[in-house]
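# Coordinate analysis (summary)
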Amino acid sequence: MTRNRQWMVLSLLLVALGGLTFAYKVVRLGYPVLPDETGEQWLVQARVEIEPVKGPARASLLLPVRSTGFTVSDESFVSRDFGLTIDEDMFRRQAHWAIRSLEGDRVLYYRATVMKDTRNQRFANKPDTPAVPELEEPFASAMADLVEEVKTESADAQSFAAEILDHLQNSPDDANWKLFLEDVESPLEHARLAQTILATEQIPSMLVHGILLKKDVQRAAIHSMLAVWDGEHWLLFNPETGQQGRPEEFMIWWRGTETLAGVSGALINDLQISVKKRMRSSLELASRRTELKDSFIGRISLLHLPVQTQSVYEVLLLVPFGILIIVLLRNFIGLSSFGTFAPVLIALAFRETELVKGILLFMMIVSLGLVFRFYLERLRLLLVPRLAAVVTIVVLLMTAISLFSDRLGTETGLSVSLFPMVIISMVIERMSIVWEERGAMTSIREGLGSLLMASLAYSVISIDVLEYWVTVFPEVNLIVLGLIVALGRYTGFRLTELIRFRQLAGRNP
Amino acid sequence: MDSIVKRMRSNGVLGLNRRNGDYILKMNNRKFFPLVDDKVLCKERLQERGLAVPELIAVASYMQQAARLGELVGQHKEFVIKPAHGSGGDGILVIKDRKSDYFVDSDGNLVKPADLEHHITNVIGGLYSLGGQPDVAMIESLVHFDPAFTGLTYHGVPDIRVIVYSGYPVMAMVRLPTRESHGKANLHQGAIGVGVDMATGITVGGVSGNSPVSLHPDTGSEITGFQIPHWSRIVSMAAQCFEAVELGYLGVDIVLDQTHGPLILELNARPGLNIQIANRRGLRHRLDAVDNLGELQERPEQRVEWACHTFGDPQSDLLTQAPW
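Residues numbered from 1 in each chain as written. Chains lettered and ligands numbered in written order. Predicted model: local features only at pLDDT ≥ 70, side-chain atom pairs only at ≥ 80, totals over all residues.

## Regarding the overall build of chain B
- The secondary structure content of chain B amounts to 12 helices and 13 strands.
- Here chain B holds 324 residues, and 49% of them are scored as buried. (Helix = DSSP H or I, 4+ residues; strand = E, 2+ residues; numbered from the N terminus. Buried ≥ 20, exposed ≤ 12 C-beta atoms within 10 Å, placed from the backbone.)

And the structure:
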């Protein structure tokens, strides 16, 4: 009896140990249970590629200013050999790079870590009243008509600006508007036109430029908005839609009519702004707190490992979850597969290819492999050389698929290399034997069964939260181990046995 | 579904998980597994105990031996090639005859010597062994089954599977080869399993795959109510295997040879559960009955007597009350 209870004690201990460590980290060290969105950070990088022209070269770049929505927490410049100075005032910051002589193309980097900031920031000082623009005929009278029209439809600066943007968008057929809209194409030009109209009513306005921090992008687009002074506040308008208010993801970079980067004695070859989401800041906060507290338990997380190692362990630590699924499928449902844990390895490969493409690639390789295997059977090769031949064929097939898909310009085929080739070869070998001994149907059915198990395992290990958990809370695997131990003592019926032995479920056999 | 589980449990149906966890893991000591998993070793062991087995003609352990087929099989016209570590009947090749240079398999197909050699190299290479370990091919004499079975079998040799628990024969079935099973007596390859009354050795209804049958699909003969010859010797031999290999939960496969009588074909440390369907009974009540004995009887004859008495079906009423 003692041994009968031992597994239960062990299982409970493991689950408790894992659960308590998890709880300790969450409650005492403040690690977030779920990957939280509020504390997210962005890595913003501006990359300026310049080409020498003659003499000393200068380059300048406007830097993000503190404003409502986001705040720059950390920034750095990479510009070897260049002298760097930064101009800074309340509402404008600019970096200046200078070098006496520029030889060859150079790349200048500006990197900033940007965090969400919910505090309201003053946007700009109270502006001066703009001068009324002096226009020639026929523009002057058209403008007067146009302003009159908009004025009757609006009550204050805010609605006036909104009406202007609305008209710019929706009444291009009206003769007055048409006159102004003739040369106007880009949203930026729309905004400039709106500024001119606002100025005739002496309403201060300015252009505001920035980027959207929504997802990782290599080349972020610059979006411009129109800021209008209503007497007390700056109001932001989308010049294209007329919609008022700053979109949540919009990070204001600079304002006014300046361009983002400028050069003298050089040419700008390329200017690229890239955006990358980073690990949650509350997580960083928690791990920084851990370091301060010098807590041993808090150190049990992959966050302290180098990034590449982290991603390797992330995959490794997901394996037990896949295996848990296999245990359930085999001992509770009663499914069987070629190779006990082969489906988990296939599922790991699916992580790179995505499910549907992964299944197609897998079926393609296995069926082509089977064709070759049947041919090899006729050559009467000995077992080990034959297996070796199958492995080699699988490798060649994988290469062929990669080359072919590269030619077609799809990237899916390239990820085929992550398939476990030895496992696939064994599946091919087993399938061909079952094919000969028990028939094609059995073989295909069992092959599809393996694929089904792989898909189910994949659907579990591809849950985002799990990936986060194994990185931050590797101890969840103790819980998995506890569960596996407990499942190991399940001696009840398997689901398929209810069908298999259904005749024995009679009342009185 | 819950009630199905309950009824199956009350009927004593044994599932794979419980078989593995409560019987094989507990009753079968790992160190004795090689005795049954290696058919050559097993044969020697049984012979030492004076138990009858089919004659071993040769063992091929090296690839080179496969090429010298003549030396291996000599003048034998009929023989069976088996992987010593095979399972589930895979890799068994039955040769019934020779015609000039060719061999004839159980289906009557001609087999080239090269095919035979290839088969032997596959066996030695470990194609059919558990975990792909290198194996040896054993060649043993073909059993000529007792003519009593003529109407009940299609090619191949029918065999009798007895489950021996702690030395007590608790349940038995006859496995009848069919066209579908290619003369092999393995249920998952399409052979028919027929339950046997422990007391009398009379068959009590069959199963093909997982569904019940009462006629042999190829010969059309009635498969129930058939008296298995040499029944008492069969159960007694099965019971003695316990002493030979010391496995508490054991499947004993016995064939009836025309001239030599019952021969032990092989032992199985992980016998399947279809025997329950063939007998239309669960195993657990019988296993529990043995467990409840407390002290086990030492002499095989005593155990056989107790088991046949306890598990025998006095009315053989299964035929009349079959629920389907």
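Picking up after the structure, the text goes on.
## Describing the overall build of chain A
- A count of helices and strands for chain A gives 16 helices and 12 strands.
- Of the contacts made within chain A by residues no fewer than 6 positions apart, 77% connect residues no fewer than 24 positions apart. (Contact = placed C-beta atoms within 7 Å.)

## Remarks on the interface of chain B and chain A
- Taken residue by residue, the interface counts 32 residues in chain B and 23 residues in chain A.
- Going through the elements one at a time, α1 (2-10), α2 (16-27), α7 (113-125) and α9 (274-279) of chain B are the ones with two or more residues in the side of chain B that touches chain A.
- Residues of the side of chain B that touches chain A, tallied by class, amount to 13 nonpolar, 13 polar and six charged. (Nonpolar A, V, L, I, M, F, W, Y, C, P; charged D, E, K, R; others polar.)

## Considerations on unusual backbone geometry
Residue and element names in this part refer to chain B.
- The phi dihedral of E246 falls on the positive side, at around 60°, and the residue is not glycine.
- With respect to the element layout, E246 can be found in the loop between α8 (231-245) and β12 (249-257).
- Phi angles above zero are rare outside glycine, and R280 is one such case at about 55°.
- C-beta crowding within 10 Å serves as the criterion here: with 22 such atoms nearby, R280 is assigned to the buried category.

## A short note on the packing of helix α3 (residues 157-170) of chain A against helix α5 (residues 187-200) of chain A
All names here are of chain A.
- Taken N-terminus to C-terminus, the directions of α3 and α5 make an angle of 135°; their axes are 10 Å apart at the nearest point. Here α5 runs oblique to α3, going by the angle between their axes. Between α3 and α5 the crossing geometry is right-handed. Every residue of α5 that contacts α3 at A161, I164, L165 and L168 is listed here: H190, L193, A194, I197 and L198.
- Residue composition of the contact of α3 with α5, by class: eight nonpolar, one polar and no charged. (Axes fitted to C-alpha atoms, helices over the stretch in contact; angles between N-to-C directions. Parallel < 35°, antiparallel > 145°, perpendicular 65-115°, else oblique. Left-handed = near helix turned anticlockwise from the far one by under 90°.)

## Quick look at the nonpolar core
- Residues V164 and I254 of chain B are the most contacted members of the largest nonpolar core, which totals 97 residues.
- For this core, the element with the highest residue contribution is α8 of chain B, accounting for 10 residues.
- Built from parts of two domains, this core gets at least three residues from each of domain 1 (18-51 + 145-317) and domain 2 (56-141) of chain B.
- Apart from the residues within four sequence positions on either side, I254 of chain B is in contact with D159, I160, V162, I234, M237, A238, P262, L263, I264 and L265 of chain B.
- Membership of the second largest hydrophobic core comes to 52 residues, among which are V44, A95, A162 and V208 of chain A. (Core = buried A, V, L, I, M, F, W, Y, C linked by C-beta atoms within 7 Å. Domains from an automatic or database assignment.)

## A closer look at the packing of helix α9 (residues 342-353) of chain A against helix α13 (residues 440-461) of chain A
Residue and element names in this part refer to chain A.
- Packing of α9 against α13 leaves a shortest axis separation of 8 Å and a crossing angle of 55°. On the basis of the axis angle, α9 is oblique to α13. Every pair of crossing elements has a handedness; the one defined by α9 and α13 is right-handed. Note on element contacts: α13 touches α9 through S450, M453, A454, A457, Y458 and I461, opposite A342, P343, V344, I346, A347 and F350.
- A per-class count over the contact of α9 with α13 returns 11 nonpolar, one polar and no charged.

## Side note on the sheet that holds strand β1 (residues 56-60) of chain B
All names here are of chain B.
- The six strands are arranged β1-β6-β2-β3-β4-β5 in an open sheet whose pairing can be described as antiparallel. Strands with a single pairing partner mark the edges of an open sheet, and in this sheet they are β1 and β5 (110-111).
- Here β1 pairs with strand β6 (residues 137-141) via four bridges, running antiparallel. Paired with L56 across the strands is E140, a residue of β6. (Pairing = 2+ DSSP bridges.)

## Looking at α5 of chain A
All names here are of chain A.
- Spanning 14 residues, α5 covers 20 Å between terminal C-alpha atoms, matching the ideal 20 Å at 1.5 Å per step.
- Within α5 the residues assigned to the buried category are H190, A191, A194, Q195, I197 and L198. Summarising the axial view, the buried residues of α5 lie within an arc of 165°, below the 170-degree limit, and thus occupy one face.
- Q202 occupies a position one or two residues after α5 and carries a positive phi of about 60°. (Expected span 1.5 Å × (residues − 1). Arc of directions from axis to C-beta.)

## A few points about the sheet that holds strand β4 (residues 83-89) of chain A
Residue and element names in this part refer to chain A.
- Pairing is antiparallel in the open sheet, where four strands are placed in the order β4-β5-β2-β11. The open sheet has two edge strands with one neighbour each: β4 and β11 (261-264). The mean inter-strand angle of the sheet, taken between neighbouring strand axes irrespective of direction, is 15°.
- When strand β2 (residues 57-63) meets β11, the two strands line up antiparallel, connected through four bridges. Bridge pairing links S60 to G262 in β11.

## Regarding the pairing of strand β9 (residues 192-196) of chain B
Residues and elements named next belong to chain B.
- The buried fraction of β9 is high, at five of five residues.
- Residue alternation in β9 divides its side chains into two sets, I192, V194 and V196 and G193 and G195, and both sets are buried.
- Sheet topology note: the strand β8 (residues 168-176)/β9 ladder contains five bridges and is antiparallel. By the bridge assignment for β9, R175 is matched with G193.
- As paired elements, β9 and strand β10 (residues 203-208) share four bridges and run antiparallel to each other.

## A look at the confidence of the model for chain A
- A residue-level look at chain A finds 88% of positions with pLDDT of 70 or above and a mean pLDDT of 81.
- Here helix α6 (residues 281-293) of chain A stands out as the least confident element of chain A, with mean pLDDT 61; helix α15 (residues 476-487) of chain A is the most confident, with 93. (pLDDT = per-residue confidence, 0-100.)

## Remarks on the pairing of strand β7 (residues 205-212) of chain A
Residues and elements named next belong to chain A.
- Note that β7 and strand β8 (residues 223-229) share six bridges and pair antiparallel. Bridge pairing in β8 links V208 to M225.
- Direction of pairing for β7 relative to strand β10 (residues 250-255): antiparallel, over a ladder of five bridges. Residue pairing in the sheet places H209 in a bridge with W254 of β10.

## Considerations on the environment of G195 of chain B
Residues and elements named next belong to chain B.
- With respect to the helices and strands, the residue G195 is situated in strand β9.
- The class of G195 is buried, set by 25 C-beta atoms lying within 10 Å.
- The contacts of G195, once residues within four sequence positions are left out, are M173, T203, V204, G205, A278, N279 and R280.

## With respect to the confidence of the model for chain B
All names here are of chain B.
- On average, residues of chain B carry a pLDDT of 86, and 95% of them reach 70 or more.
- The low-confidence segment residues 315-324, where pLDDT is below 50, has 16 contacts with residues more than four positions distant or belonging to other chains.
- As a predicted assembly, this complex carries a pTM of 0.65 together with an ipTM value of 0.77.

## Concerning the environment of A66 of chain B
Residue and element names in this part refer to chain B.
- Along the polypeptide, A66 turns up in helix α5 (residues 63-67).
- Once the C-alpha coordinates of A66 and A137 are considered, the two residues, 71 residues apart in sequence, prove to be 9.1 Å apart.
- Those residues in contact with A66 that sit more than four places away from it in its chain are A60, E117, I120, T121 and I124.

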